[in-house]
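# Overview (structure and organization)
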Amino acid sequence: MVLAVGSASIGKGLRVRSLPGRITPANLFVLVCKTSGSGGSMTFKQATAPLTGRQKTERREFEEKKQPRIDAERAVVSSQIEELKRKSRRAEAEERDQLVQELAELNEKLAQIDKRVSPLLFTTDITPEKLAEMLSENGETLAHIDADAADALGIIMGTRYGDGKHTQESLWLKSYTGEATVIFLNNGKPILIVAPCL
């Protein structure tokens, strides 16, 4: 378990040339087997404590220091957008093109603001679609850890969030090798992940 947490902590930080023409990442897929009642949950909690502590610290710092600034920037840009929309209703045709350009720039700025989210280092109970979204928002690097192997395997094998007839391991496999993939969310929006690391 400690080895798995070490691997998760490295993330994309290490790749080695293991064979000619082959680059191997440091990410590991680990399944720990133990007998029931042998202290697995306690061991899991202790082994993952550095990772959970780091995530808690980063999320707290984001919420206390960065989130207020992001909210303020979003409010300012949103009010500028509303003002330009009001102007466009009574603008002449030649002025409208300039307003459209300014609106496009502000919309782009707002989209960049919305991309700044609280950092996530690991997840446990998650659908494959949400995992793709979280990878995209977190530098394409994330750990999937769970004290209950049955839950984690159920997600991958499609019995937890799927119909149980189709496996859903594709994103995990591509995240092991760093292979680019496109995942379509339920709303039809595609998410491109260039070099995922899970």
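Residues numbered from 1 in each chain as written. Predicted model: local features only at pLDDT ≥ 70, side-chain atom pairs only at ≥ 80, totals over all residues. Heavy atoms only, no water.

### Looking at unusual backbone geometry
You will see that Glu-140, though not glycine, has its phi angle at about 60°, which is positive. With respect to the element layout, Glu-140 can be found in the loop between α4 (128-137) and β4 (143-144). (Helix = DSSP H or I, 4+ residues; strand = E, 2+ residues; numbered from the N terminus.)

### With respect to the side chain of Ser-175
Mapped onto the elements of the fold, Ser-175 is located in helix α6 (residues 170-177). On the basis of relative accessibility, which here comes to 1%, the residue Ser-175 falls in the buried class. (Buried < 20%, exposed > 50% of the residue type's maximum accessible area, 1.4 Å probe, protein only.)

### Digging into the confidence of the model for the chain
Of the residues in the chain, 96% have a pLDDT of 70 or more, and the chain-wide mean is 84. Across the chain, the secondary-structure element scoring lowest on mean pLDDT is helix α5 (residues 149-157), at 74, and the one scoring highest is helix α2 (residues 40-89), at 90. (pLDDT = per-residue confidence, 0-100.)

### A word on the environment of Leu-28
Along the chain, the position of Leu-28 falls in the loop between β2 (22-25) and α2. Spatially, the C-alpha atoms of Leu-28 and Lys-130 are 21 Å apart, while their sequence positions differ by 102 residues.

### With respect to the packing of helix α1 (residues 2-10) against α2
Interhelical geometry of α1 versus α2 gives an angle of 15° and a closest axis separation of 9 Å. Between α1 and α2, the angle is such that the two are roughly parallel. Seen along the crossing, α1 lies across α2 with a hand that is right-handed. The segment α1 lies against α2, with Val-2, Val-5, Ala-8 and Ser-9 engaging Ala-47, Thr-48 and Leu-51. Here the residues of the contact of α1 with α2 are counted per class, giving five nonpolar, two polar and no charged. (Axes fitted to C-alpha atoms, helices over the stretch in contact; angles between N-to-C directions. Parallel < 35°, antiparallel > 145°, perpendicular 65-115°, else oblique. Left-handed = near helix turned anticlockwise from the far one by under 90°. Contact = heavy atoms within 4.5 Å. Nonpolar A, V, L, I, M, F, W, Y, C, P; charged D, E, K, R; others polar.)

### What about the environment of Val-5?
As for its placement among the helices and strands, Val-5 is situated in helix α1. Classification of Val-5 as buried rests on a relative accessible area of 7%.

### Focus: the packing of aromatic side chains
Evaluated as defined, the whole model comprises one aromatic pair. With 5.1 Å between their ring centres and 65° between their planes, Phe-29 and Tyr-176 make a pair best called edge-to-face. Of this pair, Phe-29 sits in the loop between β2 and α2 while Tyr-176 sits in helix α6, and the two are 147 residues apart along the sequence. (Phe/Tyr/Trp six-rings, centres within 6.5 Å; stacked < 30°, edge-to-face > 60°.)

### Notes on the layout of surface pockets
Of the volumes computed, that of the largest pocket is approximately 880 Å³. Val-30, Leu-31, His-144, Ile-145 and Asp-146 are the residues nearest the centre of the largest pocket, which is lined by 34 residues in total. Looking at the lining of the largest pocket, the elements with two or more residues in it are α1, α2, β4, α5 and α6. When its residues are assigned to classes, the lining of the largest pocket shows 21 nonpolar, ten polar and three charged. Of the volumes computed, that of the second largest pocket is approximately 180 Å³. Together, Lys-115, Glu-133, Ser-136, Glu-137, Leu-185, Asn-187, Lys-189 and Ile-191 line the second largest pocket. (1 Å grid on protein atoms, 1.4 Å probe; cavity = no way out; pocket = protein on both sides within 12 Å on 5 of 7 lines; lining within 4 Å. Points joined across faces, edges and corners; volume = space filled by probe spheres on them.)

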